[in-house]
Amino acid sequence: MEWLQRIREDIGSVMARDPAAQSGLQVFLCSPGLHAVWAHRFHHWLWRHNWRLTARLLSQITRFWTGVEIHPGALLGRRLLIDHGMGVVIGETAIVGSDVTLYQGVTLGGTGSPSDAHSRKRHPTLCDGVFVGNNANILGNITIGGNSRVGAGSVVLRDVPPNSTVVGVPAHIVYRNGQRVLITDPHEVKDPLSDALIALSERVEQLEAMVGRDQIKQNTFAAEDQERTAYRQELEKMRDYVAMGEGI
């Protein structure tokens, strides 16, 4: 049966990706993240068939049992690994691709006002192969590209291209396609201190320009002094000095 095949697939995925997994039986009995995913499949079926209150009640029981809160409306792909699981929250309109890994404390949260809460997508989309470190927050209707990595404790507020690594609060790209990404423009860092960094950068440029002008002036005055001194020396050599009143 298909559901048995999915269970075997999930257990095999955990065995392959979790170094702490020692046997299939251990994974089956002692993996709360896996239990939450299995329960969600039933909750999601109820949700799609308009048994929404029942789905929500059962999801709350699963939350108490596993420490993982997955809204019944969320769409989850195959072979999702929720490692440890405690504190993971996946919102109603979130979409999670296949072979995704979520560590403890991850939040796939939403944004938007209550008035349009049911009218649009407000939670993130994680494409296939995404890795999210513990306590990371991915907020809003954004997309995390395939095979990307989100560092632990990061807060992601913007789309992330495929094959990228993002870190920070808010998160910014540090690796893309295996190459280090260096930030040279303070405008690229969208954190609360970015405005201060931009102001400091502009002030440094102004000071450097002022110092450059002063150096030009000093060099100009020094050259003029040298010319005047040389001119006086030439005059002293060329003329016969006669004191006023001499020979009277």
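Residues numbered from 1 in each chain as written. Predicted model: local features only at pLDDT ≥ 70, side-chain atom pairs only at ≥ 80, totals over all residues. Heavy atoms only, no water.

Quick look at the pairing of strand β14 (residues 164-167) now. What you see with β14 is a clean split: Ser-164 and Val-166 sit on the buried side and Thr-165 and Val-167 on the side with no burial. Bridge analysis of β14 against strand β15 (residues 172-176) gives 4 bridges, and the strand direction is antiparallel. What sits directly across from Ser-164, in β15, is Arg-176. Taking the residues that link successive antiparallel strands as the turn, the β14-β15 hairpin has 4 residues, and the phi of Gly-168 there is positive, at about 105°. (Buried < 20%, exposed > 50% of the residue type's maximum accessible area, 1.4 Å probe, protein only. Helix = DSSP H or I, 4+ residues; strand = E, 2+ residues; numbered from the N terminus. Pairing = 2+ DSSP bridges.)

Read from one edge of the open sheet, 7 strands run β3-β6-β9-β12-β14-β15-β16, paired in mixed fashion. Every interior strand has two partners, whereas the edge strands, β3 (81-82) and β16 (179-180), have only one. Relative to strand β9 (residues 131-132), strand β6 (residues 101-102) is paired through 2 bridges, and the arrangement is parallel. Bridge assignment links Leu-102 to a residue of β9, and that residue is Val-132.

Strand order in the open sheet formed by 5 strands is β1-β4-β7-β10-β13, and the pairing between neighbours is parallel. Taken across any chain shown, the strands that pair with only one partner, and hence form the sheet edges, are β1 (69-70) and β13 (155-156). Taken together, the 3 bridges between strand β7 (residues 107-109) and strand β10 (residues 137-139) define a ladder with parallel strand orientation. When the sheet's bridge partners are listed, Leu-108 is paired in β10 with Ile-138.

A separate point is the packing of aromatic side chains. What the rule picks out here adds up to 2 aromatic pairs. Between the NZ or CZ atom of Arg-149 and the centre of the ring of Phe-131, over which it lies, the distance is 4.3 Å. The ring of Tyr-175 carries Arg-180 above its face, with NZ or CZ at 5.5 Å from the centroid. (Phe/Tyr/Trp six-rings, centres within 6.5 Å; stacked < 30°, edge-to-face > 60°. Lys NZ or Arg CZ within 6 Å of the ring centre and 35° of its normal.)

Where helix α1 (residues 2-17) contacts helix α3 (residues 32-48), the axes come no closer than 11 Å and their chain directions differ by 155°. In terms of orientation, α1 and α3 fall into the roughly antiparallel class. Considering the relative orientation of α1 and α3, their crossing is right-handed. Contacts between α1 and α3 involve Arg-6, Ile-7, Asp-10, Ile-11 and Val-14 from the first element and Leu-34, Trp-38 and Arg-41 from the second. A breakdown of the residues in the contact of α1 with α3 according to their chemical character gives 5 nonpolar, no polar and 3 charged. (Axes fitted to C-alpha atoms, helices over the stretch in contact; angles between N-to-C directions. Parallel < 35°, antiparallel > 145°, perpendicular 65-115°, else oblique. Left-handed = near helix turned anticlockwise from the far one by under 90°. Contact = heavy atoms within 4.5 Å. Nonpolar A, V, L, I, M, F, W, Y, C, P; charged D, E, K, R; others polar.)

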